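Letter by letter, the chains look like this.
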Amino acid sequence: MVTALWILAVLMMIVGVVGTVLPALPGVMLVYGGIVLAAYAEGFTRISGLTVAVLGALALVAFVIDYVASAAAAKKAGASKLGLAGAALGTVLGIFTGFIGLLFMPLVGAAIGEYLAQRDALKAGRIGLATWVGLLVGTVLKLAIVFTMIGVFVVAIVL
């Protein structure tokens with residue numbers, strides 16, 4: 001049973017890392033869930049409850065960053081609700097268009113949403129770019145936190 005829990009925990013962490021980049025998957029929460037499952041499988045002996053709690057705090061920070069980074073950049077640039085909706089739709093559509101689409105579709109979606117809201121192509125492009133930069137910064141920060149969580153997990157197992 002312990003082996004099956006470990007296999008599931010590792011799979012959750014792998015899918016979680018992928019989900020940190022793909023918006024359709026709750027990446028950070030999958031990584032954290034995998035860590036909690038592995039700690040449970042070991043009876044919290046190799047991975048202590050304190051380690052799980054600290055990693056839970058990091059997961060919470062990453063979760064907040066996910067929503068704050070793009071919204072803050074978009075709001076600072078003056079994005080409308082249509083611009084934010086366009087960025088979200090572009091992100092989802094980007095999943096189906098490969099890596100390049102995943103990278104640039106949020107920019108296109110935000111710009112189109114802003115153009116529909118304001119009919120000003122220059123302003124729509126500027127706001128779309130700001131929203132896109134916010135999404136990228138948020139993703140990079142989430143990846144950094146996820147890899148930190150996995151690193152702390154590995155160190156806890158080894159030591």
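In this text, all values refer to a predicted model and were calculated from it rather than measured experimentally.

Draft legend 1. Broad picture of the packing of helix 5 (residues 98-118) against helix 6 (residues 121-158). Look at helix 5 against helix 6: their axes get within 7 Å of each other, and the N-to-C directions meet at 145 degrees. The two elements helix 5 and helix 6 cross, and the hand of that crossing is right-handed. On helix 6, the residues that touch Leu103, Phe104, Pro106, Leu107, Ala110, Ala111, Glu114, Tyr115 and Gln118 of helix 5 are Ala121, Lys123, Ala124, Ile127, Gly128, Leu129, Thr131, Trp132, Leu135 and Leu136. Per-class residue counts for the contact of helix 5 with helix 6 are 14 nonpolar, three polar and two charged.

Draft legend 2. Molecular detail of a nonpolar patch on the surface. The grouping of Met29, Leu60, Phe63, Val64 and Val68 at the surface amounts to a nonpolar patch, some 430 Å² of accessible area in total. Top contributing element to the nonpolar patch by residue count: helix 3 (residues 49-77), with four residues. Inspection of the secondary structure assignment puts valine 68 in helix 3.

Draft legend 3. Geometry of helix 1 (residues 2-21). Spanning 20 residues, helix 1 covers 29 Å between terminal C-alpha atoms, matching the ideal 28 Å at 1.5 Å per step. Every buried residue of helix 1 is accounted for by Leu5, Trp6, Ala9, Met13, Gly16, Val17, Gly19 and Thr20. All buried residues of helix 1 fall inside an arc of 165 degrees around its axis, so they share one side. Residues of helix 1 that are buried in the fold lie against helix 2 (27-41) and helix 6.

Draft legend 4. Up close: the nonpolar core. Ranked by size, the top nonpolar core spans 25 residues in total, and within it Val31, Ile35, Ile47, Met149 and Phe153 carry the most contacts. For this core, the secondary structure elements donating two or more residues are helix 1, helix 2, helix 3 and helix 6. Counting residues per element, this core draws most heavily on helix 2, at seven residues. Setting aside anything within four residues of it in sequence, one finds valine 31 in contact with Met12, Met13, Gly16, Val17, Val146, Met149 and Ile150.

Draft legend 5. Spatial organisation of unusual backbone geometry. Residue phenylalanine 44 is not a glycine yet carries a positive backbone phi of 55 degrees. For phenylalanine 44, a relative accessible area of 37% translates into the label partly exposed.

Draft legend 6. Representation of the side chain of glutamate 114 in the model. With respect to the helices and strands, glutamate 114 occurs in helix 5. Notably, glutamate 114 is buried but unbridged: the nearest opposite-charge side chain belongs to lysine 123, and the N-O separation is 6.6 Å. Excluding anything up to four places from it in sequence, glutamate 114 contacts Gly78, Ala79, Ser80, Gly83, Arg119, Ala124 and Ile127.

Draft legend 7. Focus on the packing of aromatic side chains. Within this structure, the stated rule accounts for one aromatic pair. Summarising the aromatic geometry, the rings of tryptophan 6 and phenylalanine 153 are spaced 5.9 Å apart at their centres and angled 40 degrees between planes, so their arrangement reads as tilted. Remark: phenylalanine 153 occurs in helix 6 and tryptophan 6 occurs in helix 1; sequence separation between them is 147 residues. A residue is classified by how much of its surface remains accessible, and tryptophan 6, at 19% relative accessible area, is buried. Looking at phenylalanine 153, the relative accessible area reads 5%, which means it is buried.

What counts as what
- Residues numbered from 1 in each chain as written.
- Predicted model: local features only at pLDDT ≥ 70, side-chain atom pairs only at ≥ 80, totals over all residues.
- Heavy atoms only, no water.
- Axes fitted to C-alpha atoms, helices over the stretch in contact; angles between N-to-C directions.
- Helix = DSSP H or I, 4+ residues; strand = E, 2+ residues; numbered from the N terminus.
- Left-handed = near helix turned anticlockwise from the far one by under 90°.
- Contact = heavy atoms within 4.5 Å.
- Nonpolar A, V, L, I, M, F, W, Y, C, P; charged D, E, K, R; others polar.
- Patch = residues over 30% accessible without salt bridge, like charges linked within 9 Å, V, L, I, M, F, W, Y side chains within 5 Å.
- Areas by Shrake-Rupley, 256 points an atom, 1.4 Å probe, with all protein chains shown as cover.
- Salt bridge = Lys/Arg side-chain N within 4 Å of Asp/Glu carboxyl O.
- Expected span 1.5 Å × (residues − 1).
- Buried < 20%, exposed > 50% of the residue type's maximum accessible area, 1.4 Å probe, protein only.
- Arc of directions from axis to C-beta.
- Core = buried A, V, L, I, M, F, W, Y, C linked by side-chain atoms within 4.5 Å.
- Lys, Arg positive; Asp, Glu negative; His and termini not counted.
- Phe/Tyr/Trp six-rings, centres within 6.5 Å; stacked < 30°, edge-to-face > 60°.

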